[in-house]
Structure formats: structure tokens, C-alpha cells
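Residues per chain are reported as follows:
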Amino acid sequence: MAAMIGGIVARHSLVRERPQMVDDGRGGVEADFTNATPTDLHGWALDAGNTVADLQNRDAASIRWTARGPFDADVERHDRIVVFGEQFKIDGAVVRQPGPSPRTSHTILMLVSWEG
């Protein structure tokens with residue numbers, strides 16, 4: 001069983017949707033979420049990020065969260081994460097933050113979604 005972040009802050013569950021990586025026809029791969037199966041991930045602390053308006057188009061906004069969870073959480077960069085029913089993309093890498101004990105070691109996800 002994964003070590004959880006201590007305290008009452010790690011009370012959130014996220015949902016992970018893992019895509020199948022398919023040939024994009026140009027020598028690379030892309031994420032295909034057609035048959036992605038949702039998987040519950042327990043023991044996460046969520047920190048509200050920010051909401052930034054798109055000043056160029058003025059009709060969209062970027063919504064961000066920082067999620068901190070178990071060090072050995074089964075998450076990958078191409079996964080989609082559902083927070084409070086909304087889908088988010090992992091922005092950048094999945095970061096593994098080691099600490100002196102299991103309670104201070106965790107995975108950090110920067111999550112982003114565009115609205116509008």
C-alpha cells in the first residue's frame with residue numbers, strides 16, 4: 001500500500017485516465033483516450049493554482065491546480081486527471097519529491113485546463 005501524505009490535507013481522490021499511445025502518422029505518437037479506463041487515486045492534497053484569462057482572445061481561461069500525493073502513485077505525463085468532475089492535463093513532468101520519510105515523500109502534479 002502506498003504511503004499517504006499525513007494530516008487532513010490528503011483527503012482528496014483524483015481519477016486517472018490513461019490513454020493508449022498511437023502512431024500519429026508523422027513518426028511520433030499521440031494520446032488516444034477513446035478506451036481510457038478511469039482509475040481512482042486516493043490520498044491527494046490539492047492546492048488551488050490560479051485562473052488566467054487569455055488576453056488575446058478574451059474568451060478563454062487557464063485553470064490550474066497543484067496536486068501532491070503518494071510517492072509511488074501510478075501516474076504518467078500523458079495521463080488525464082479528473083478533479084471535482086473536470087478533466088485536467090498534467091502540465092510538464094510528473095515530479096517525484098523524495099523526503100527523509102514516506103510521509104514527506106510525494107508525487108507532484110501541475111494540472112491545467114482551458115475553459116472557453
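For the structure itself, consult the block above.
Reading the values: rules and limits
- Residues numbered from 1 in each chain as written.
- Predicted model: local features only at pLDDT ≥ 70, side-chain atom pairs only at ≥ 80, totals over all residues.
- Heavy atoms only, no water.
- Helix = DSSP H or I, 4+ residues; strand = E, 2+ residues; numbered from the N terminus.
- Buried < 20%, exposed > 50% of the residue type's maximum accessible area, 1.4 Å probe, protein only.
- Contact = heavy atoms within 4.5 Å.
- Areas by Shrake-Rupley, 256 points an atom, 1.4 Å probe, with all protein chains shown as cover.
- Core = buried A, V, L, I, M, F, W, Y, C linked by side-chain atoms within 4.5 Å.
- Salt bridge = Lys/Arg side-chain N within 4 Å of Asp/Glu carboxyl O.
- Polar contact = N/O pair within 3.5 Å; in protein donor to acceptor, adjacent residues only side chain to side chain.

Participant: Explain the overall build of the chain to me, please; I cannot follow it from the model alone.
Facilitator: Helix and strand counts for the chain stand at 0 helices and 9 strands. Beginning at the N terminus, the succession of helices and strands in the chain can be written as β-β-β-β-β-β-β-β-β. By residue count, 34% of the 116 residues in the chain fall in the buried class. Sequence separation of 24 or more characterises 58% of the internal contacts of the chain that already satisfy a separation of 6 or more. With the model as given, the accessible surface of the chain reaches about 7300 Å², and the carbon-plus-sulfur share is 51%.

Participant: What is the right way to look at the nonpolar core in this model?
Facilitator: Nonpolar side chains tend to gather and get buried jointly when the protein is soluble and globular. One finds L14, I81, L109 and L111 to be the most contacted residues of the largest nonpolar core, which totals 15 residues. Every element with two or more residues in this core is listed here: β4 (38-53), β5 (61-70), β6 (80-83), β7 (86-90) and β9 (106-115). Ranked by residues supplied to this core, first place goes to β4 with 3 residues. Excluding residues within four positions of it along the chain, L14 makes contact with T39, D40, L41, W44, L46, A67, I81, V82 and V83.

Participant: Is there a simple way to think about the environment of T39 in this case?
Facilitator: With respect to the helices and strands, the residue T39 is situated in strand β4. Distance in space between the C-alpha atoms of T39 and R16 is 5.1 Å, their sequence separation being 23 residues. Here T39 is in contact with L14, V15 and R16, once residues within four sequence places are set aside.

Participant: Explanation requested: the pattern of salt bridges in the structure shown.
Facilitator: Working definition: two side chains of opposite charge can pair if their charged atoms are close together. Under the defined criterion, the tally for this structure stands at 8 salt bridges. E76 serves as the salt-bridge partner of R18, at 3.7 Å between the closest nitrogen and oxygen. Here E76 lies in the loop between β5 and β6 and R18 lies in the loop between β1 (12-17) and β2 (20-23), a separation of 58 residues in the sequence. With a closest N to O distance of 3.1 Å, R68 and D47 form a salt bridge. Linking R68 in strand β5 with D47 in strand β4, this pair joins segments that are 21 residues apart in sequence. Each of R16, R18, D74, E76 and D79 takes part in salt bridges that share partners, so that together they form one network.

Participant: Just to check I follow, could you spell out the side chain of H106 for this structure?
Facilitator: Tracing the sequence through the fold places H106 in strand β9. Overall, H106 belongs to the buried group, its relative accessible area being 15%. Among the polar contacts made by the side chain of H106, one reaches the main-chain carbonyl oxygen of T104 at a distance of 3.5 Å.

Coordinates in, geometry out; function isn't part of it.
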